[in-house]
Structures are given as structure tokens and as C-alpha cells.
Amino acid sequence: MTSDKGIFIQNIYYMLSYAFQILKQEDYKHVAGEKFDKIHDLFAAILEKGVARQVKQGLYREYVPMQEDLSVMRGKLSINETLRLQVQREQKLSCEFDEFSEDNIYNQILKVTIYRLISVDGVATERRQALKKLIVFFSNVKLIHSDHIAWNRLIYQRNNRNYELLLNICYLVLNGLLQTTEDGNYKLISFSDEHMERLYEKFILEYYKQHHPELSPEAPVIDWNHTEAPDPNMIQFLPRMKTDIVLQKGDSKLIIDAKYYGQAMVKNYNKETLRSSHLYQIFAYVKNMDTKNTGKVSGLLLYAKTEDEVFPDGKPFIIDGNSIGAKTLDLNQEFKNISKQLDDIVVFYFQ
């Protein structure tokens, strides 16, 4: 089984399937059984099935603002533009109106991603051919420049919910592309740590939501434990304590901070140690959640295992009455073993 940055590519698919439940539908089942040599071939396979499914249902449409010079009135008249036309002796009206169109940002992102995947190495020939057939259905959609996409402005609702997975895959693809300066072709770089960190966090949270709902998995923001009323002019400068995963059983809570780093440990005076910033962070989370100092709130730094010779994987420390631990999750093995590692954490802390 081929790996990318030390992780079985097949396991990246499983992680995606937890983060995006749509991958567990019938259309994608055969993708789970395929073997992929390149991570972007996996992305191409997911897009091929997802976009084909969307084409059958009909591409998402929404009202898009338009402006055209017309012989008859439509929508709202643009006075300045109409006057300009009259000065030029053109017998037309400049009209502004909304058109229910498939030429929107969601389909534009799909088109530019398919276009890129067709042009790169690392995508199987049969997959490229399938994508070429699909891009024909985007003839009425503009080909935009990927650098101008405002990803944080995309909104998903009932009518375009199926696009969430597809556009997240597009994000991973488009942010992993480098354009060569020689012949204008595209070259794919490795799946970045930034991409993997986000996926790693979401995967762990969704895993626990599906397999351990009794622990009420969530990712809350922890409030600072102010012992006195804070200065309203200063409180804005406090950092936001957004957790990755919190599990709870009765009064006992476990805060998991998922870390995907090339190196989990750092060398300090020829000695391998935990990263101090990570330890301070999880300690701050624990102490500000355990406002009554009960000791029933624990913290765990959960690192994705790297190829380092030394990695954290022992019993937790008891610091100021609270359990603070660090473990590694080995993603470079069969998924059933990854599942067991996550279940063992539940057994250790709650049973």
C-alpha cells in the first residue's frame, strides 16, 4: 500500500470519509477498494465520482448579478451606462438583473480543479479521460484563476450541500499546485502539513462522534477563568481557546489537542523533549476548563506518528492535580489498528 508523507493513501480516504459522510454513499464505494500510488489520483477519483453524480442531478444554480446592453428593458436600468450608450448613438438600454445561472463560484471552482487535474502527472490515464468527459458539461461556466478564490466566503445550504466535500477536495488540490515556468504545465507538490493537520483534527472528532456518541464529542471554545471582572478594553487581546476535541463522561472530561507535525519532539541540550508551546497550551485549556480544581479534567496531546526515533507514548503526568499526557497515533498501518488506538484512549480515560 503506497504512502504519502508516511501515511497510507488509503487511510487518507478513510479519514476523509469520516470528515465527510457523503463518501460512505454507494457512489464512492469502489473508490475505497482501489489502490492509489499518488494522493492526487485519489482526489481525482473522488472528484470524478462526485462531479458525475452532480451532473446527473443538475449543476447547482443560483442568482448571479448580470449587466447587459439590451434592446428592451430588463431588470433595473443603469442610468449612467444608458446615457453613455446614447452618446455613442447606440439604441440600447444598459440593464442590471439577476440570472438563475450555473456560472457561479461553486461550479467555477470545480471547473478549474478538473482542468488542472487533467494537466498534471500523477493522475491515472483513465481518470484523466473521465475528467475530460465531465468538463464538457461546464461549457457555460467561466474558467477562473484559482488565486482569486475567496474560500472563506463559500456558504453551504440544503441546495448545494453535496458541494462541500467536492470543494474541500478542490481546495486541497489547488493549494498543492505549482505552475512550472518552462512549458506552462502543472506539477503537484506533496500533501502539506497544513492540509493534513486540518483533516487530522476533523477526522478524530468525527470518529468519536460516530463510535462514542455517549461521550458527547464536541470542539468548544473554553472561556478564560477570570477571578476578577476583566478590563473590557483588554479582554479583546486574550487569545481564543478553541479546542480540537473534548470528550465527557459524567464529571470527567478529556481535552484532546490533535497535532500533525513533521517532528513531534524537539532536541533541547541533546535531550528529546515535548514542545513547550504545546504543553503550555494544553495545560491552559485544562486549568481554565477545570475552574473548581476538581482534577477531573484531563489533557492529551495526540500527535500523528512520524519517522522520528523518539516519540511520546507513555503514562500521563499529574500536574497541579490534573492529568496531562502525550501520545502518538500511528496512521501508517491498517485502519482497524488506527481505530483500536483511538478506542484505547477512551478505555484508558473513561473506564
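The structure under discussion appears in the preceding block.
Residue positions are given per chain, counting from 1 as you read along its sequence in written order. With the structure being a predicted model, the display of local features is reserved for residues of pLDDT at least 70 and the display and counting of side-chain atom pairs for 80 or more, all residues being used for whole-chain, interface and lining totals. Hydrogen atoms and water are omitted, and side-chain values are computed over all heavy atoms in the structure.

Draft legend 1. Inspection of the nonpolar core at higher detail. What makes a nonpolar core is a set of buried Ala, Val, Leu, Ile, Met, Phe, Trp, Tyr and Cys residues whose side-chain atoms join them at distances within 4.5 Å. The buried label applies to any residue whose accessible area, calculated with a 1.4 Å probe on protein chains only, is under 20% of its type's maximum; exposed applies above 50%, and partly exposed to all values in between. In this structure, I46, Y200, I204 and Y208 are the most contacted members of the largest nonpolar core, which totals 78 residues. What counts as a helix is a DSSP run of H or I of at least four residues, what counts as a strand is a run of E of at least two, and both are numbered from the N terminus. The element best represented in this core is helix α7 (residues 163-174), accounting for 10 residues. When neighbours within four sequence positions are excluded, I204 is seen to be in contact with I245, A258, L302, L329 and L342. Throughout, a residue-residue contact means that at least one pair of heavy atoms, one from each residue, lies within 4.5 Å.

Draft legend 2. Structural detail: the sheet that holds strand β10 (residues 245-249). One open sheet holds the five strands; their spatial order is β10-β11-β14-β16-β15, and the pairing between them is mixed. At either margin of the open sheet sits one strand with a lone partner, and together these are β10 and β15 (317-319). Looking at each pair of strands side by side, their axes are set apart by 25 degrees on average, direction ignored. Any two strands are treated as partners once DSSP identifies two or more bridges connecting them. Two elements, strand β11 (residues 252-259) and strand β14 (residues 297-304), share seven bridges in a ladder whose sense is parallel. From the neighbouring strand, D257 faces β14, where its bridge partner is L301. Axis lines are fitted to C-alpha atoms, over the contacting stretch for helices. Their N-to-C directions set the angle, which ranges from 0 to 180 degrees.

Draft legend 3. Molecular detail of the packing of helix α1 (residues 9-19) against helix α3 (residues 39-57). Between α1 and α3, whose axes approach to 10 Å, the crossing angle comes to 40 degrees. Our classification of the angle between α1 and α3 gives oblique. Here α1 and α3 pass one another in a crossing that is right-handed. Side by side, α1 and α3 meet where I9, I12, Y13 and L16 of the first sit next to I39, L42, F43 and I46 of the second. Here the nonpolar group is Ala, Val, Leu, Ile, Met, Phe, Trp, Tyr, Cys and Pro; Asp, Glu, Lys and Arg are the charged ones; every other residue, Gly included, is treated as polar. Tallied by class, the residues present in the contact of α1 with α3 amount to eight nonpolar, no polar and no charged. Reported orientations rely on four angle classes, namely roughly parallel under 35 degrees, roughly antiparallel over 145, roughly perpendicular from 65 to 115, and oblique for the rest. Crossing handedness follows the turn of the near helix against the far one: under a right angle anticlockwise gives a left-handed crossing, and clockwise gives a right-handed one.

Draft legend 4. Examining the sheet that holds strand β3 (residues 62-70) more closely. The antiparallel open sheet is built from three strands, whose spatial order is β3-β5-β4. The open sheet has two edge strands with one neighbour each: β3 and β4 (76-77). As paired elements, β3 and strand β5 (residues 93-101) share nine bridges and run antiparallel to each other. By the bridge assignment for β5, E62 is matched with S101.

Draft legend 5. Seen up close, unusual backbone geometry. Of note, S216 is a non-glycine position whose phi angle comes to about 45 degrees, a positive value. Given the relative accessible area of 44%, S216 is considered partly exposed. Although it is not a glycine, D320 adopts a positive phi angle of roughly 50 degrees. Assignment of secondary structure puts D320 in the loop between β15 and β16 (322-329). We classify D320 as exposed; its relative accessible area is 58%.

Draft legend 6. Structural context of a nonpolar patch on the surface. A patch consists of residues exposed above 30% relative accessible area that lack any salt bridge, with like charges linked at up to 9 Å and nonpolar side chains (Val, Leu, Ile, Met, Phe, Trp, Tyr) linked at up to 5 Å. Computed with the Shrake-Rupley method and a 1.4 Å probe, the accessible areas treat only the protein chains shown as cover for residues. For salt bridges, the criterion is a side-chain nitrogen of Lys or Arg within 4 Å of an Asp or Glu carboxyl oxygen. A contiguous nonpolar surface patch, about 360 Å² in accessible area, is contributed by M73, L77, I79 and L83. Within the secondary structure layout, M73 lies in the loop between β3 and β4. A relative accessible area of 43% places M73 in the partly exposed class.

Draft legend 7. Molecular detail of the pattern of salt bridges. Tallied over the entire structure, the rule returns 11 salt bridges. Between E96 and K76 there is a salt bridge; the shortest N-O distance is 3.8 Å. With a gap of 20 residues between them, E96 in strand β5 and K76 in strand β4 connect regions that are remote in the sequence. E96 sits in the partly exposed class, given a relative accessible area of 29%. Close ionic contact of R161 with E164 constitutes a salt bridge, the shortest N to O distance being 3.1 Å. With a relative accessible area of 22%, E164 lands in the partly exposed category.

Draft legend 8. Representation of the environment of N175 within the structure. Turning to its location among the elements, N175 is positioned in the loop between α7 and β6 (177-179). Look at N175 and you get partly exposed, because its relative accessible area is 36%. N175 sits 28 residues away from D147 along the chain, and the two C-alpha atoms are 9.1 Å apart. Here Y171 takes part through its backbone oxygen, which lies 2.9 Å from a polar atom of the side chain of N175. Polar contact is defined as a pair of N or O atoms within 3.5 Å, subject to the rule that within protein one atom must be able to donate a hydrogen and the other to accept it, and that residues adjacent in sequence are counted only when both atoms are side-chain atoms.

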